[in-house]
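An overview of the molecular structure
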Amino acid sequence: MNIQNKWEPFNLEAEQGLLGAILINNDAHTRVAGLIEPHHFNEPIHGHIYDIITTLIGAGKLASPITVQAFMPPMVEGTKTPTKKYIARLAAESTTIVNAVDYAKHVRELADRRQIAEIASLMAPDAATDAVQLAAAAIEQLDSIVTAHTAHGAPTLDMRQSGFCISHCNRSIPAYSTRSAINAPARTVTSAPTRAIL
C-alpha cells in the first residue's frame, strides 16, 4: 500500500506566488528565509529557483527575473515552456510582500504533511522490518519535523513523551492539494514527464 500516492498535499499557486513576491521585492526573502528551504517546494523547478534566489541575495546581489534566469537552462525541463517566460509569469502573478510569510508557512506546512505521509508509508503492513524498529524510525523522523519548527519558536515536543499514536499516520486528513491549478494555463508548473507546464 502506498499512502503517499493516495495523499500528497501541495499548492502550486502558493509556491508560485511566494517566488513571484521575492522576485519583485527581495525584502520578502528576508522575511521568509528562516521558514522555508528549497526542498520544501513540491515542484523541483520552484526549489531550484528559490535556491538561486537565496544564493544571489546571500552574495549581496539582486535576485530578479532577469538575473535568476541567467542561471537556469533556456527551457523548463521536460516542457516546451521557455524559462524566461515562466519566471516572468511568476513575477506577474506574485503575492504581496505582506502575504509572503503566510505563503511560506503554508508551503512549509504542506511539505511537512508530505513528509508525514511518507513516514506513514513506512508503516505499511507488508514491510519486512520489525514493528518496533518501524515505530522507532517513524518517531525519530517525526521528532525531526517538530525540532525544525522549535528552532523558530514553536514549543518543544518529544514524540516519545507526547502520547502520540503511530496509527495516526494512517488517519484520514483533509486534502490540501490544489490539483485544479494544474489545469489553469496561467499557473501550472509540473514535474516532467508526468505533468506539463502549459
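Look up a bit, the structure's there.
Attention in this report is confined to the structure presented alongside it. (Residues numbered from 1 in each chain as written. Predicted model: local features only at pLDDT ≥ 70, side-chain atom pairs only at ≥ 80, totals over all residues. Heavy atoms only, no water.)

1. With respect to the pattern of salt bridges
The following threshold applies: Criterion for a salt bridge: a side-chain nitrogen of Lys or Arg within 4 Å of a carboxyl oxygen of Asp or Glu. In this description a helix means any DSSP run of H or I spanning at least four residues, a strand means any run of E spanning at least two, and both kinds are numbered starting from the N terminus. The buried label goes to any residue with under 20% of its type's maximum accessible area, the exposed label to any with over 50%, and the partly exposed label to all in between, with areas taken from a 1.4 Å probe on protein chains only.
Inspection of the entire model under this criterion finds two salt bridges. Two residues, Arg108 and Asp112, come together in a salt bridge whose shortest N-O distance is 3.5 Å. A residue pair is termed a helical-turn pair when its members lie 3 or 4 positions apart in one helix, as Arg108 and Asp112 do in helix α7 (residues 100–121) at four residues. Residue Arg108 is classed as buried on the basis of its relative accessible area of 8%. Among the salt bridges present, the one from Arg113 reaches Glu109, with a minimum N-O distance of 2.7 Å. Of this pair, Arg113 and Glu109 are both found in helix α7, four residues apart, which corresponds to roughly one turn of the helix. A residue is classified by how much of its surface remains accessible, and Arg113, at 17% relative accessible area, is buried. With a relative accessible area of 31%, Glu109 lands in the partly exposed category.

2. Observations regarding the environment of Asn25
Short version of the rule: Side-chain atoms alone can form a polar contact between residues adjacent in sequence; in general such a contact is a pair of N or O atoms within 3.5 Å, and within protein one must be able to donate a hydrogen while the other accepts it.
Mapped onto the elements of the fold, Asn25 is located in the loop between α2 (12–24) and α3 (27–32). Linking Asn25 and Ala63, residues 38 residues apart in sequence, is a C-alpha distance of 8.7 Å. A distance of 2.9 Å separates a polar atom in the side chain of Asn25 from the backbone nitrogen of Asp27.

3. Observations regarding the nonpolar core
Short version of the rule: Residues grouped as a nonpolar core are buried Ala, Val, Leu, Ile, Met, Phe, Trp, Tyr and Cys residues, joined through side-chain atoms within 4.5 Å. Residues count as neighbours in contact if any of their non-hydrogen atoms are within 4.5 Å of one another.
Counting 26 residues, the largest nonpolar core has Leu18, Val32, Ile36, Ile49, Ile53 and Val68 as its most contacted members. Those elements giving two or more residues to this core turn out to be α2, α3, α4 (44–58), α6 (83–92) and α7. With six residues, the single largest contributor to this core is α4. Apart from the residues within four sequence positions on either side, Ile49 is in contact with Leu19, Val68, Met72, Ile87 and Leu90.

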